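# Geometric and topological summary
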Amino acid sequence: MLRGRLRGLVPVSIGLLLLPGCYGPEPQVDTVRTRELAMQDAGGKVIRVEQAVARERRYPHPAQRYAREAARVAGTEVMRIDDTRTGGGVSLIVRVHGVATAVDASGRSMDETFDLPVCYAISVEQDAMDDRVDEVSCPDGSPLTVSVDPELPGSAEDDLRQALPTGGAATEQAVRAAVDRLDLEPLVIRQVAAVGGVVGVALRASQYDCLLARVEGGRVEVWRPARVQLVPGELSCTADTAVAGHGRRPPH
């Protein structure tokens, strides 16, 4: 929910426009109404950012995940990340661009686009249901470089090994349920396949961020293929690759 009153606007200069014709005064941009339209556009964009960020609230240590979710919303720049607040809270400052077609005093559109950069602080508390969104002054400096690719956490290998069923023949259904319970980013691709009593698992976050597992007769194997094995034309990060056991040994 977007809360917090919108405060000062970023100053933007708008020039006068000349329209073809010989009669009447030259039309003039209505700066107040045009700014209102741009702020409406910016407000709609930051609501989408807040909704994307809120989906990550349930995960531990979420600061970078919040930043990635924000950066995935088109036209959003992450300016600051603060995860040092007490109680596990995280604050992001994001910059969005409110875009509107300039209008004159009569409300008619003019041949000029109005671009208004606006910054918002999004404060997320893990134990609260609502976030707070406030307009703030844009920080100096360039936006942070934030990868929009999902990532497998450093604990993913141990988490997967502990989650997979052992003791007796594992079914595809049981393995799939275990994989679904893992704490992974939504964009991580999860695959499970069973062939001849062997169940394979593949978790893929990006081209070279891949984790494979193989369950056979109660025995669990988990491994990360080497980067060189995942180049185009070599191994694919799929459950079928895991079933076959490919990529368990580093290339010679």
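Scroll up to find the structure this text is about.
No experiment lies behind these values; they were computed from the predicted model shown.

### Some points on helix H1 (residues 31-54)
Along its 24 residues, H1 runs 34 Å from first to last C-alpha, staying within 8% of the 34 Å computed at 1.5 Å per residue. The complete set of buried residues in H1 reads Thr34, Ala38, Met39, Ala42, Gly43, Lys45, Val46, Val49, Glu50, Ala52 and Val53. On its buried side, H1 packs onto helix H2 (63-71), strand S2 (90-103), strand S3 (109-124) and strand S4 (132-136).

### Overview of the sheet that holds strand S5 (residues 189-195)
An order of S5-S6-S7-S8 is seen for the 4 strands of this open sheet, with the pairing classed as antiparallel. The outermost strands of the open sheet, each flanked by one partner alone, are S5 and strand S8 (219-223). Strand-to-strand twist of the sheet, defined as the mean angle between neighbouring strand axes without regard to direction, takes the value 15 degrees. Contacts from helix H3 (residues 156-163) reach strand S6 (198-206), strand S7 (209-216) and S8, with the element oriented near 165 degrees to S8. Sheet contacts for helix H4 (residues 172-180): S5, S6 and S7; angle to S5, the most-contacted strand, approximately 165 degrees.

### Some details on the sheet that holds S4
If you trace the 4 strands from one edge of the open sheet to the other, you get S1-S2-S3-S4, paired in antiparallel fashion. If you trace the sheet from one side to the other, it starts and ends with strand S1 (77-82) and S4, each paired once. For this sheet, the mean angle separating the axes of adjacent strands, direction not counted, is 30 degrees. Of the pairings in the sheet, the one linking S3 to S4 comprises 5 bridges and is antiparallel in character. Paired with Ala121 across the bridge in S4 is Asp134. Contacting S2, S3 and S4, H1 crosses the sheet at an angle of about 145 degrees to S2.

### What about the environment of Ala105?
Positionally, Ala105 belongs in the loop between S2 and S3. When the C-alpha atoms of Ala105 and Pro27 are compared, they prove to be 8.1 Å apart, with 78 residues separating the residues in sequence. Ignoring any residue separated from it by four or fewer positions in sequence, one finds Ala105 in contact with Gln28 and Asp30.

### Some points on the state of the cysteines
With the rule as written, the count across this model stands at 2 disulfides. Two residues share a disulfide in this structure: Cys119 and Cys138, whose sulfurs sit 2.1 Å from each other. Looking along the S-S bond of the Cys119-Cys138 disulfide, the torsion reads about 105 degrees, which is the right-handed sense. With Cys119 in strand S3 and Cys138 in the loop between S4 and H3, this residue pair connects regions lying 19 residues apart in the sequence. The buried category is assigned to Cys119, whose relative accessible area is 1%. By relative accessible area, Cys138 is classed as partly exposed at 29%. Covalent S-S linkage joins Cys210 and Cys237, the inter-sulfur distance amounting to 2.2 Å. Between Cys210 and Cys237, the S-S dihedral sits near 90 degrees, and the bridge is therefore right-handed. Of this pair, Cys210 sits in strand S7 while Cys237 is found in the loop between S8 and helix H5 (239-244), placing the two residues 27 residues apart along the sequence. Judged by its relative accessible area of 2%, Cys210 is buried. Counting only the cysteines that take part in disulfides, in the order they occur along the protein chain, gives the pairing 1-2, 3-4.

Criteria and cut-off values
Residues numbered from 1 in each chain as written. Predicted model: local features only at pLDDT ≥ 70, side-chain atom pairs only at ≥ 80, totals over all residues. Heavy atoms only, no water. Helix = DSSP H or I, 4+ residues; strand = E, 2+ residues; numbered from the N terminus. Expected span 1.5 Å × (residues − 1). Buried < 20%, exposed > 50% of the residue type's maximum accessible area, 1.4 Å probe, protein only. Contact = heavy atoms within 4.5 Å. Pairing = 2+ DSSP bridges. Axes fitted to C-alpha atoms, helices over the stretch in contact; angles between N-to-C directions. Disulfide = S-S within 2.5 Å.

Shape is all these values report; function is a separate question.
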